[in-house]
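Architecture at a glance
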Amino acid sequence: MFREITRSDFESFWPTFSATIMAQETYAFDPNMTFAQSHALWCESPLKTYVYVENNTILGTYYIKANGMGPSRHICNCGYMVSQQTRGRGVARKMCEHSQKVALELGFDAM
């Protein structure tokens, strides 16, 4: 199930988020970002941020925002993050498919 992220959701996902940025393998985020900085980046600055939940457990999250300003604002950009223990179960694929529908609903022409 998808729903828009809440602060409580991000708090629950924080251990995964923190471990992911500290690994410095997939995101070029400062590995020393605080919770507040991370929340602002992932949850407040994008147009929308969602979590994917199964059995009351957050398995992944993604954001969607314009890729740029001006002539490229019709193209969206998404960032996806899945918990380590659920990788390989198709969660990222479900989030990608959901984000494509959301992109169209938000009026984007490309991703």
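Now for a description of the structure that goes with this document. It should be emphasised that the depicted structure is a prediction, and the values quoted were computed from it without experimental measurement.

On to the overall build of the protein chain. Check the secondary structure of the protein chain and you find three helices and four strands. In terms of its C-alpha atoms, the protein chain occupies a principal-axis envelope of roughly 35 × 30 × 25 Å. In the protein chain, which comprises 111 residues, the proportion classed as buried is 40%. Look at the contacts in the protein chain between residues 6 or more apart in sequence, and 53% of them connect residues 24 or more apart. Accessible surface, the protein chain as shown: approximately 6,500 Å² in total, 50% of it carbon and sulfur.

On to the sheet that holds strand E1 (residues 2–4), then. If you walk across this open sheet you meet the four strands as E1-E2-E3-E4, and the pairing is antiparallel. Sheet topology places E1 and strand E4 (76–82) at the edges, where each strand pairs with a single neighbour. Taken over all neighbouring pairs, the strand axes of this sheet differ in orientation by 25° on average, direction set aside. Packing against the sheet, helix H3 (residues 91–105) makes contact with E1, strand E2 (48–54), strand E3 (57–66) and E4, and its axis sits at approximately 35° to E3.

Counting buried positions along E4 gives five out of seven residues, so the element sits mostly inside the fold. In this sheet, E4 lies alongside E3 in antiparallel orientation, the contact comprising seven bridges. Opposite Thr61, over in E4, you have Met81 as the bridge partner.

This part takes up helix H1 (residues 7–23). Between the first and last C-alpha of H1 there are 23 Å, a value that for 17 residues agrees with the 24 Å anticipated at 1.5 Å per step. Along H1, the sharpest kink reaches roughly 55°, centred on Phe13 and followed within four residues by the proline Pro15. Taken residue by residue, H1 has Asp9, Phe10, Phe13, Thr16, Phe17, Ser18, Thr20 and Ile21 as its buried positions. In this structure, the buried residues of H1 make contact with E1, helix H2 (35–44), E2, E3 and E4.

Among the nonpolar cores identified, the biggest contains 16 residues, and Phe10, Phe17, Phe29, Trp42 and Met81 are the most heavily contacted of them. Here this core gets four residues from one element, more than from any other, and that element is H1. With 13 residues, the next largest nonpolar core counts Leu59, Cys76, Cys78 and Val82 among its residues.

Reading guide: rules and limits
Residues numbered from 1 in each chain as written. Predicted model: local features only at pLDDT ≥ 70, side-chain atom pairs only at ≥ 80, totals over all residues. Heavy atoms only, no water. Helix = DSSP H or I, 4+ residues; strand = E, 2+ residues; numbered from the N terminus. Buried < 20%, exposed > 50% of the residue type's maximum accessible area, 1.4 Å probe, protein only. Contact = heavy atoms within 4.5 Å. Areas by Shrake-Rupley, 256 points an atom, 1.4 Å probe, with all protein chains shown as cover. Pairing = 2+ DSSP bridges. Axes fitted to C-alpha atoms, helices over the stretch in contact; angles between N-to-C directions. Expected span 1.5 Å × (residues − 1). Bend = angle between axes of the 7 residues up to and from the residue. Core = buried A, V, L, I, M, F, W, Y, C linked by side-chain atoms within 4.5 Å.

These figures capture arrangement, not role.
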